Amino acid sequence: MRDNDKSKEEENELREAESRYRAVFDQSPYGILIIDTDGKLIEFNEAAHKQLGYTREEFSRLRISDIVAFQSSEEIQSKMAEVLSKGKAAFEVKHRTKTGEIRDVRAITQMLDFSGCKVIHAIWQDITEGKRSDEALKKYRGHLEQLVAGRTSELTLVNEHLQRDIAERKKIEEALRDSEERYRLLFYNSPIGIFNYDTQLTLTALNDRFIEILQSTHEKLLGLDMRTLKDQSVIPAVRKAVEGYEGHYEGHYRATTSPAEIWISMRTAPIFDKAGKVRSCVGIVEDITERKKAHDALREVNDRLNAILQTSPAAIYVINAEGVITMWNKAAERMFGWTKEEAVGRLNPIVPESKLQEFRIFREKILHGEPFLGVEVRRQKKDGSFIDISISAAPLYDSTGAANSLMSVVTDITLRKRMEEELLKTQKLESLGILAGGIAHDFNNILTAVLGYISLAMIKMRPSDPVYKLLEEAEKASYHAKNLTQQLLTFARGAKAIKRTMFVEQLIRDSVTFALRGSGVKCDFSFAEGIWHLEIDEGQMSQVFSNLVINACHAMPEGGKLRVDAENIDIGSKENLPVPEGKYVKISIEDQGTGISEQHIQKIFDPYFTTKQKSSGLGLSMVHSIIRDHKGYITVKSELGVGTTFTIYLPASANQIAEKKSDEEEHVVAAGNVLLMDDEEQIRNVGSDILRELGYEVEVASDGAEAITLYKRAMESSHPFHIVIMDLTIPGGMGGKEAIKKLREINPAVKAIVSSGYSNDTVMINFEEYGFKAVIAKPFTSSDLSRILHKVITEP
């Protein structure tokens, strides 16, 4: 009977040992295998099943060579021989899962006697992610729970045999010792903290790592009632095991028996007796403080990076290898119109269909490590419009070092491109303007002679004479030529704008109505109330409206409708126009004509560009020049077969409207002595003839030096000059600007008139400041000269 009682006692001890062993075995997050000396797998735990993916039935058919990757049978046998000879070994090896995935593991193996047989007990930790992590993640310590797996089915068989035959008691004792040894090995040698406690929450056993984690001592912790802990946050997980369930806690913990304040990860599990009642509990604890710090540091870096990305004025987005948007910041929303929700998860929406192949090549080059900096392309917005952008892109790498996506930083350069185009147009105009100004000056000299002789001929003839009418037609043609010269001067900035504050509405109506005479085009006007005043040159601006209307009429040869609108507008940064912010009057002229093709619309303001057979190509260039000189801006939109709209922006004036002065004068013939100075012989000749016809005595000079000599001589004689007419510019000689200074030294009361084909010269505009009494622009007629002379001579 005593033997039977002892046997039952040992049996109970064995069950409890096996229960403790099974609890640790099943709860371990690390894979555990038991392998016989032939390499066959005998047993495995739940972690091994999850990590390798095999079912229990599949495991029973496997050998260690089916799991170990990249090693030959000889290498595997060598490792097993090392364990058999030394009793234990630790090494790193690669495992192949059921799905074929290769995982790096660190294995701890030990030779055990199990029921008289030698077996290899292997515990491994999956270190795949650890090998791939960066410096922050390298600080983490992986979960390593070394639990010894037992063979429950065999022990149950042993227990059944013990009940039948007392002779099997020795085998049970050996199994008990083996189980206790395995548990002891796991408990005391584990790199993670392990503790036991009873159902009253009293600590009954703990390993060295547990004491180390809590920075305490064995004496202080053993027998501690966990209900008295300073930090009760772990108690719910502790009680879970007492209630028969697994418990888990992860978070901050303040130790009771030491000053330690750490972050821990804790799991608890119940240990059941034969009756299925919770007899005691086991817990495993890991210090995750460093991992928590690394995680917090990584999160802080991510938060900062996200703040930078979201507050950046540049559009920033990330595209994966398939071209799908994975990140889209606020600036990208503003720039392209798609919200983050609309953009993320879809193929890059800003790339137009015609550029998809180009974009794929661009993307592949970046993913192969070739960054792009400041590449200028056109991209599409949500509303279908296009903008010019500068894009810089670089690859992003995953933990293996492979480029799996790319980040793009984009700035909108649409305004800059417009400014560059505007500058290019300006440079073209300025270059051509130098040539145009010279041509206009010479042409004006020729016209002066032509008009002068025509007017002389008309003076000598009766209006009823048939030739008189021919001369009138010639005079009209000359005036048309004069207008063309004026256009050239305007284009070359030769016709200086003489601006005054005025209402623009009546000027628009008059200019448009006059330009539409004789055409089949009808105009609808629409003016907002209270149109602001403008500071403009009335003649030049009238020319702008006339040219635009004439263009519209040419686009509608069969007639049609023209619409002219004017309104006030405050231009800010949102309008994206290359003009200073402020108040402007916006004037639109819209026709229903043939439209302008895309290939031509970029060139319409270029000098001499035209698609019409009967056109000089200067009309729109001159319009552009005048608007530019008035600090304004002009745009054009057109669609073939639909029509064209020109839009002008002119800065509003804060000045009050000035009263218009009347300057009408009579043509009066007078007498006197006149000195005419001009480098052109034709002008000296025609000027002399006109002056003599008007009753004046005339002497001529070819430059300023000769004029001064003649003037001195006349002063010294009894027949001085009453008036001097001087050409402003004398190539290679003294012109009127220098000569007037000398004449004023001789006679401060000298009456002089300045003449030139350059109406833009400051002397022509501010002639009185230079000592002249009047100005006469070339070309001029006899009546023009008569009025100016009479006015100057009769003035005191």
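Conventions we followed
What you see as residue numbers is a count from 1 along each chain, following the sequence as written. Owing to the predicted nature of the model, reporting of local features is limited to residues with pLDDT of at least 70; listing and counting of side-chain atom pairs is limited to 80 or more, with chain, interface and lining totals taken over all residues. Note that water and hydrogens are dropped before the side-chain values are worked out from all heavy atoms of the structure. Accessible area is worked out with a 1.4 Å probe on protein chains only. A residue is then buried under 20% of its type maximum, exposed over 50%, and partly exposed in between. Put simply, DSSP H or I for four residues or longer makes a helix, DSSP E for two residues or longer makes a strand, and each gets a number counted from the N terminus. Note: the arc covers the axis-to-C-beta directions of the helix. The definitions used throughout rest on a 1 Å grid laid over the protein atoms alone, on which a cavity is an enclosed set of points accommodating a 1.4 Å probe that cannot get out and a pocket is an open set flanked by protein within 12 Å on both sides along at least five of seven lines; lining residues are those having an atom within 4 Å of a point. Grid points are joined across faces, edges and corners, and a volume is the space filled by probe spheres set on the points. Charged means Asp, Glu, Lys or Arg here, nonpolar means Ala, Val, Leu, Ile, Met, Phe, Trp, Tyr, Cys or Pro, and polar covers whatever is left, Gly included. In this description, a nonpolar core means a group of buried Ala, Val, Leu, Ile, Met, Phe, Trp, Tyr and Cys residues linked to one another through side-chain atoms lying within 4.5 Å. Definition of a polar contact: a pair of N or O atoms within 3.5 Å, with one able to donate and the other able to accept a hydrogen when the atoms are protein atoms, and with sequence-neighbouring residues admitted only if both atoms are side-chain atoms. DSSP-based pairing: two strands are paired if at least 2 bridges between them are found. Axis definition: a line fitted to C-alpha atoms, over the contacting stretch in the case of helices. Angles run 0 to 180 degrees between N-to-C directions. Any two residues whose heavy atoms approach within 4.5 Å are treated as being in contact. Take a side-chain nitrogen of Lys or Arg and a carboxyl oxygen of Asp or Glu: if they are within 4 Å of each other, that pair is a salt bridge. A residue's pLDDT is the confidence the predictor assigns to it, expressed on a 0 to 100 scale. Aromatic rings from Phe, Tyr and Trp, with only the six-membered ring used for Trp, were paired whenever their centres fell within 6.5 Å, and each pair was classed as stacked if the ring planes differed by under 30 degrees, edge-to-face if by over 60, and tilted otherwise. Put simply, a charge is over a ring when the Lys NZ or the Arg CZ is close to the ring centre, within 6 Å, and near the line of the ring normal, within 35 degrees.

The next thing to look at is helix α19 (residues 505-515). Among all positions in α19, only Leu507, Ile508, Ser511, Val512 and Ala515 are buried. One side of α19 holds all its buried residues, which, seen down the axis, span an arc of 115 degrees.

Right, let's get into empty space enclosed by the protein. The tally for this structure, following the rule as stated, stands at eight cavities of 30 Å³ or more. Of the pockets and cavities examined, the largest cavity occupies roughly 240 Å³. Lining of the largest cavity is provided by 17 residues; of these, Ile35, Ile64, Val68, Phe91 and Thr109 occupy positions nearest its centre. Taken together, the elements giving at least two residues each to the lining of the largest cavity come down to β1 (31-36), α5 (73-86), β3 (88-96), β4 (102-114) and β5 (117-126). Top element by residues in the lining of the largest cavity is α5. It accounts for four residues. In terms of residue class, the lining of the largest cavity is made up of 13 nonpolar, three polar and one charged. Taken as a whole, the second largest cavity spans an internal volume of roughly 180 Å³. Lining the second largest cavity are 17 residues, with Phe210, Leu214, Met226, Leu229 and Tyr253 sitting closest to its centre. Residue assignment for the lining of the second largest cavity shows that the elements contributing at least two residues are α10 (208-214) and β9 (261-272). When grouped by side-chain class, the residues that make up the lining of the second largest cavity number 15 nonpolar, two polar and no charged.

Across soluble globular proteins, you tend to see nonpolar side chains buried next to one another. Grouped together as the largest cluster of nonpolar side chains are 40 residues, with contacts concentrated most on Met541, Val544, Phe545, Leu548, Leu562, Ile587 and Ile648. Among the elements that make up this core, the one with the highest residue count is helix α20 (residues 538-555) (seven residues).

Below, the discussion takes up the side chain of Arg103. Looking at the element boundaries, Arg103 is found in strand β4. Among the polar contacts listed, one links the side chain of Arg103 to the side chain of Asp126, at a separation of 3.0 Å.

This part takes up the sheet that holds strand β22 (residues 643-651). Spatially, the five strands line up as an open sheet ordered β17-β19-β20-β22-β21, and their pairing is mixed. A single partner strand is all that each edge strand has here, and the edge strands are β17 (521-527) and β21 (633-639). Averaged over all pairs of adjacent strands, the angle between their axes in this sheet comes to 15 degrees, without regard to strand direction. Contacts from α19 reach β17, β19 (560-571) and β20 (582-591) within the one sheet, and its direction differs from that of β17 by about 175 degrees.

Under the definition given, this model contains 25 salt bridges. A salt bridge links Arg106 to Glu92, with the shortest nitrogen-to-oxygen separation between them at 3.2 Å. One end of the pair, Arg106, is in strand β4; the other, Glu92, is in strand β3, and 14 residues separate them in sequence. The partner of Lys561 in a salt bridge is Asp524, and the shortest N-O contact between them spans 3.9 Å.

To continue, consider the sheet that holds strand β12 (residues 325-328). Taken together, five strands build an open sheet; the order of strands is β12-β11-β15-β14-β13 and the sheet is antiparallel. Two strands close off the open sheet at either side, each with one partner strand: β12 and β13 (372-380). Adjacent strand axes in the sheet meet at a mean angle of 30 degrees, parallel and antiparallel pairs treated alike. Both strand β11 (residues 315-320) and strand β15 (residues 403-412) contribute to a ladder of six bridges, which runs antiparallel. Across the sheet, Ile316 pairs through a bridge with Val409, a residue of β15. Across the sheet, helix α16 (residues 356-367) is in contact with β11, β13, β14 (386-397) and β15; its angle to β15 comes to roughly 120 degrees.

In this section: the confidence of the model for the protein. Per-residue confidence for the protein averages 80 on the pLDDT scale, and 82% of its residues sit at or above 70. Residue range residues 613-617 is modelled with pLDDT below 50. Its contacts to residues more than four positions away, or to other chains, number seven contacts.

Turning to the packing of aromatic side chains, a few remarks are in order. Applying the stated criterion to the full structure yields eight aromatic pairs. Taken together, a centroid distance of 3.9 Å and an interplanar angle of 20 degrees make the contact between Phe44 and Phe59 stacked. In this pair, Phe44 sits in strand β2 (residues 41-44) while Phe59 sits in helix α3 (residues 56-60), placing the two residues 15 residues apart along the sequence. Residue class for Phe44 comes out buried when judged on its relative accessible area of 7%. Between Tyr54 and Phe59, the ring centres sit 5.7 Å apart and the planes meet at 70 degrees, which makes this aromatic pair edge-to-face. Its relative accessible area of 12% is what places Tyr54 among the buried residues. Of the residues examined, Phe59 reaches a relative accessible area of 2% and is grouped as buried. In this structure an aromatic cluster arises from ring pairing among Phe44, Tyr54 and Phe59. Across the ring face of Tyr245, the terminal group of Lys240 is positioned such that the distance to the ring centre comes to 5.5 Å.

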